[in-house]
Amino acid sequence: GDAQKPFLLHCRARAQWQIARTRPPIEPGGPERYWDSFQEMLEDEHPDWLDPQTQMPLPSMEPLEDYEEDCTTAPDDIQREIEENRRAWANCKDALLEHFTSMADDRDIEWLDKFKREGGALKAEDFASIRDELFAVTPLESLDMLDAAGVLGDLDQGLCQRC
């Protein structure tokens, strides 16, 4: 049903933080896992994505009005990021659905065809070959890499200038 379809808002959209989450059982035949919110799921499933001192989501993960679906004033870089996420979903969904077995395919998403590369999209059988790369880097590690590359200071500057 609709409850099992992917919720494809950007992870920084407020609604994304408010919906309940389910995941397939850890053991075959085990119970489906459930959390009341995105933050609860992060605390349980991905504690390595949280700030090590506060155990809270990183500020770069928090909801921001510019990421809302109905936002008409989002800067170009955020609009591009949302389009890139949609392109990634359109071209990876069949492989991801192979792993996230409690998620139903939603073929009625209006932008799927716009972003799907014919002949270049991953197939269900491709999941095994992308799994390690897909889950290799956590958000905290990503921030560390940006910081080491000297990009993080530039990002902080850009965010401050927009405030």
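Residues numbered from 1 in each chain as written. Predicted model: local features only at pLDDT ≥ 70, side-chain atom pairs only at ≥ 80, totals over all residues. Heavy atoms only, no water.

Draft legend 1. Region of the structure containing the overall build of the chain. The number of helices and strands found in the chain is seven helices and two strands. Along the chain, helices and strands appear, N-terminal first, in the series α-β-β-α-α-α-α-α-α. Burial analysis of the chain (163 residues in total) assigns 29% to the buried set. Put simply, 52% of the contacts in the chain that link residues at least 6 apart link residues at least 24 apart. Roughly 10900 Å² of accessible area belongs to the chain as shown, and the carbon and sulfur atoms make up 50% of that amount. (Helix = DSSP H or I, 4+ residues; strand = E, 2+ residues; numbered from the N terminus. Buried < 20%, exposed > 50% of the residue type's maximum accessible area, 1.4 Å probe, protein only. Contact = heavy atoms within 4.5 Å. Areas by Shrake-Rupley, 256 points an atom, 1.4 Å probe, with all protein chains shown as cover.)

Draft legend 2. Up close: the pattern of salt bridges. Counted by the stated rule, this structure contains six salt bridges. For the salt bridge of Arg-86 with Glu-69, the shortest nitrogen-to-oxygen distance reads 3.0 Å. Of this pair, Arg-86 sits in helix H3 (residues 76-99) while Glu-69 sits in the loop between helix H2 (38-45) and H3; the two residues are 17 residues apart in sequence, bridging distant segments of the chain. In this structure Glu-69 comes out as partly exposed when scored by relative accessible area, which is 45%. Between Arg-107 and Asp-105 there is a salt bridge, and its shortest N-O distance comes to 3.2 Å. (Salt bridge = Lys/Arg side-chain N within 4 Å of Asp/Glu carboxyl O.)

Draft legend 3. Focus on the environment of Ser-102. Note on placement: Ser-102 falls in the loop between H3 and helix H4 (112-115). Assessed through its relative accessible area of 16%, Ser-102 is described here as buried. Remark: the alpha-carbon pair of Ser-102 and Thr-22, spanning 80 residues in sequence, is separated by 7.6 Å.

Draft legend 4. Expanded view of the nonpolar core. Formed by Trp-89, Ala-90, Ala-95, Leu-96, Phe-100, Ile-109, Trp-111, Leu-112, Phe-115, Phe-127 and Ile-130, the largest nonpolar core amounts to 11 residues. Discounting residues that sit within four places of it in the chain, Ala-90 has contacts with Leu-112, Phe-115, Lys-116 and Ala-121. Counting eight residues, the second-largest nonpolar core is a separate cluster that includes Trp-35, Phe-38, Met-41 and Leu-42. (Core = buried A, V, L, I, M, F, W, Y, C linked by side-chain atoms within 4.5 Å.)

Draft legend 5. The arrangement of the environment of Lys-116 in detail. Locating Lys-116 in the fold gives a position in the loop between H4 and helix H5 (127-134). A C-alpha to C-alpha distance of 8.5 Å links Lys-116 and Ala-88, two positions 28 residues apart in sequence. If we ignore the near neighbours within four places in the chain, the residues touching Lys-116 are Ala-90, Asn-91, Asp-94 and Ala-121.

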